[in-house]
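Residue-level structure breakdown
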Amino acid sequence: MGRKGVGKLAALSVSEKVSVMTVKDNEKSGFILSRNVGEDHRLEAIANKDIKFKYIRKNGTSIVMTNPQYGLNATVTAIRNNLLKIFPLVSKDFRIHIITDKDTIIIDNFDKEIIRGLGALITFGKEYQGLAKYFDSGFSKNNEIEGGLLKKDSAVAIPLNLVNRKGEDKKYEVIIKGWVGAYRTTKDRKKDSNDFPDNFISILSNGKLGEYNILPVVGANKLQEVFIVGQLHIDLFEATELPDMSLSNRQGYKTDDLRYIEVIKYVRDELLPRIINMRNVWVQFNKKKKEQQKQEREKKDEEELRKKVDEYKTAASGGATSKIASRFGGSIPAIQRIIRDEMNKFLPIVGIKRRVDSQKKRILISQTLEDKPLSDVIYKMLSFNGLPDEDIIYSNSDNADSRIPNRIGIFEYLRSFFVDSYSDKKMFVIYVTSDHMARSWGAVSEVGAGWITQKDHDIFNIQGHRPQAPLNVSAEWQTSNLVGNNITMSKKEFDKFIVKIIDICNFVGYKPKDKKNNKKELLKYVSIA
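Read on for an overview of the structure. Keep in mind the model is a prediction, meaning the values are calculated, not measured.

For the structure on display, the rule yields 9 aromatic pairs. When the centroid spacing of 4.9 Å and the interplanar angle of 70 degrees are considered together, the rings of F237 and Y253 count as edge-to-face. Of this pair, F237 sits in the loop between β13 (228-233) and α6 (258-328) while Y253 sits in the loop between β13 and α6, and the two are 16 residues apart along the sequence. As far as the burial class goes, F237 and Y253 line up, both buried. Grouping aromatic residues by their ring pairs yields a cluster made of F139, W282 and F285. Here the basic side chain of R279 rests over the ring of F227, its NZ or CZ set 3.4 Å away from the ring centre. For the cation-ring pair, K513 lies above F384, with the distance from its terminal atom to the ring centre recorded as 4.1 Å.

Ranked by internal contacts, the top residues of the largest apolar core, which has 36 residues, are I176, I228, V267 and I275. Residue assignment for this core shows that the elements contributing at least two residues are β7 (118-124), β9 (156-163), β10 (169-183), β11 (200-205), α5 (215-218), β13 and α6. No other element matches α6, which puts 10 residues into this core. Counting 31 residues, the second-largest nonpolar core is a separate cluster that includes I365, F494, I498 and L522.

Right, let's get into unusual backbone geometry. With phi around 70 degrees, N26 is a residue other than glycine that occupies positive phi space. Within the secondary structure layout, N26 lies in the loop between β1 (17-24) and β2 (27-34). With a phi angle near 60 degrees, H41 is a residue other than glycine that sits in the positive phi range. Here H41 is to be found in the loop between β2 and β3 (44-45). Residue classification places H41 among the exposed residues on the basis of a relative accessible area of 66%.

Parameters at a glance
- Residues numbered from 1 in each chain as written.
- Predicted model: local features only at pLDDT ≥ 70, side-chain atom pairs only at ≥ 80, totals over all residues.
- Heavy atoms only, no water.
- Phe/Tyr/Trp six-rings, centres within 6.5 Å; stacked < 30°, edge-to-face > 60°.
- Helix = DSSP H or I, 4+ residues; strand = E, 2+ residues; numbered from the N terminus.
- Buried < 20%, exposed > 50% of the residue type's maximum accessible area, 1.4 Å probe, protein only.
- Lys NZ or Arg CZ within 6 Å of the ring centre and 35° of its normal.
- Core = buried A, V, L, I, M, F, W, Y, C linked by side-chain atoms within 4.5 Å.

And the structure:
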């Protein structure tokens with residue numbers, strides 16, 4: 001990116017040929033930029049009959065890079081997310097169209113999803129206060145304001161004395177606008193190792209990216225910094241009357257320029273500690289919220305258990321009393337009282353059962369390592385719908401809370417849930433079936449154990465394989481196509497995947513998110529064929 005915007009060399013680094021076509025008042029013109037320049041050193045003109053616009057209706061310019069030389073992500077959503085990190089000023093007047101063999105997407109506004117994923121947000125300047133309407137900390141608006149999770153500040157002004165290009169010493173102000181925030185969680189944000197980092201503070205000037213990430217410069221390499229993201233707009237960095245402070249590669253600024261020094265000092269000493277403190281507040285709110293939810297669940301379980309125990313005592317004592325009285329005689333109320341008293345002595349056993357139930361896992365994802373990409377998506381979608389990691393057994397999970405505990409054999413561990421338990425807490429098994437799974441002794445053993453103990457289950461199948469009994473093959477299973485790490489589904493299978501995830505969450509006692517939000521989340525990981 002040059003001082004005045006995106007340069008032609010940047011476009012040619014992406015595609016060997018770049019078509020530039022313009023229309024204004026029905027007059028068309030066009031030419032082709034190429035890495036290979038002809039002997040006459042002239043641009044190759046595009047004939048009027050070949051100038052065609054897919055999206056421009058009246059006036060506008062279309063810059064088309066038809067054969068990208070870079071390896072692109074499998075889904076247009078992932079490409080979109082990466083582009084938005086370096087083109088934050090896309091608008092109705094500057095749109096980016098991503099067209100692949102399978103899908104098309106238009107980027108014409110800033111990525112609101114970043115703001116929606118934040119737990120704390122500071123905006124600077126009136127132009128960026130509107131981002132607050134997309135902010136959702138996960139708590140009530142009162143908590144956001146009273147707890148200081150959302151701040152709408154004026155633009156920051158840092159006065160400086162600078163020498164301009166004419167050699168004049170004048171007073172200037174470094175005006176900082178934009179926003180900075182802290183993610184609620186960074187889990188599963190980075191979908192691919194080639195994706196741009198999700199924690200960054202960018203500097204933009206006059207509508208273009210000047211430096212992608214100053215976090216390594218301003219940070220202290222603290223754990224909390226992985227949650228920080230922001231975009232600071234500082235037009236004085238590109239003021240034409242001042243010396244050019246951009247590096248020769250146009251991907252950063254001269255660190256000895258006073259403008260840069262003062263901005264770095266402000267971000268390091270004031271802004272970064274402030275947003276980290278705000279996220280710490282969010283963590284405390286979240287901890288309190290989880291504790292309240294846990295208490296509410298325990299209270300609900302307690303009430304249900306008490307009701308069932310009372311029903312049991314009434315039914316059992318009533319039946320036994322009648323039989324004893326008819327055979328041996330005696331006062332029915334007296335006999336009933338004796339039986340109830342004896343029952344009450346042993347009720348503490350119910351408390352033990354309750355603790356056993358609360359410690360029990362809710363879901364087992366039965367799979368093989370070769371099918372990890374699809375298993376990961378299932379795991380992510382369960383997490384998205386509110387299932388805690390510690391409620392899921394997934395032996396190949398990247399999260400230790402869901403893996404088999406260290407130094408414990410997998411079969412010994414699973415036996416405690418399938419067989420050796422007095423708990424009747426419902427457990428659900430998700431089978432990721434494939435040709436790999438059919439050849440895996442461990443996965444086949446899990447199928448057998450689930451069948452013997454009559455565990456409820458569902459099937460997510462990989463195309464090319466047909467699930468077999470004792471799995472419930474009479475019910476409709478979901479099928480995905482897995483090639484490498486890329487997952488594709490038909491529209492019908494995409495819908496079935498979401499329906500199954502929602503049903504599973506309901507079965508194990510967690511209220512899932514709605515279908516619309518689930519569709520949006522699943523599109524981050526898979527493509528619809």
